Amino acid sequence: MTEQRWWVACRDAFGRDRAVTVLVDHGEVVLVAPPGEAAVLSAQETTRLRSALDEAASSSDGRAAS
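Residues numbered from 1 in each chain as written. Predicted model: local features only at pLDDT ≥ 70, side-chain atom pairs only at ≥ 80, totals over all residues. Heavy atoms only, no water.

Draft legend 1. Looking closely at the environment of Asp12. Counting through the fold element by element, Asp12 comes out in the loop between strand E1 (5–11) and strand E2 (17–25). Spatially, the C-alpha atoms of Asp12 and Gly36 are 9.6 Å apart, while their sequence positions differ by 24 residues. Those residues in contact with Asp12 that lie beyond four places of it in its chain are Arg18, Glu37, Ala38 and Val40. Here Arg16 takes part through its side chain, which lies 2.5 Å from a polar atom of the side chain of Asp12. (Helix = DSSP H or I, 4+ residues; strand = E, 2+ residues; numbered from the N terminus. Contact = heavy atoms within 4.5 Å. Polar contact = N/O pair within 3.5 Å; in protein donor to acceptor, adjacent residues only side chain to side chain.)

Draft legend 2. How the structure looks around the sheet that holds E2. Here we have three strands laid out as an open sheet, ordered E1-E2-E3, and antiparallel in their pairing. Of all the strands in the sheet, just E1 and strand E3 (28–32) have a single pairing partner and so form its edges. On average, adjacent strands in this sheet sit at an angle of 20° to one another, irrespective of strand direction. For E2 and E3, the ladder comprises five bridges, and the chain directions are antiparallel. Looking across to E3, one finds that Thr21 is bridged to Val32. (Pairing = 2+ DSSP bridges. Axes fitted to C-alpha atoms, helices over the stretch in contact; angles between N-to-C directions.)

Draft legend 3. Structural context of the pattern of salt bridges. Overall, the coordinates contain four salt bridges when judged by the stated rule. Across the salt bridge formed by Asp12 and Arg16, the nearest N and O atoms sit 2.5 Å from each other. The class for Asp12 is buried, based on a relative accessible area of 2%. Two residues, Glu37 and Arg16, come together in a salt bridge whose shortest N-O distance is 3.1 Å. With Glu37 in the loop between E3 and helix H1 (43–60) and Arg16 in the loop between E1 and E2, this residue pair connects regions lying 21 residues apart in the sequence. (Salt bridge = Lys/Arg side-chain N within 4 Å of Asp/Glu carboxyl O. Buried < 20%, exposed > 50% of the residue type's maximum accessible area, 1.4 Å probe, protein only.)

Draft legend 4. Region of interest: the environment of Ala38. Inspection of the secondary structure puts Ala38 in the loop between E3 and H1. Note: C-alpha distance between Ala38 and Ala13 (25 residues apart in sequence) is 6.1 Å. If near-sequence neighbours (up to four positions away) are discounted, Ala38 is found in contact with Arg11, Asp12 and Ala13.

Take a look at the structure:
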């Protein structure tokens, strides 16, 4: 099965381009922030993150590890 993964553009505290990653692993949704950084999201980026989390949650239903 192909791992499902989404990337949401954001910035770090210094304004550099970064990304938040959302993925599904063994039926659980994993949110990965930029390493060692805080993710700064605009309103539009927050909407994209919400959509990615919604999609990941929907795709993780019933896919928990046995």
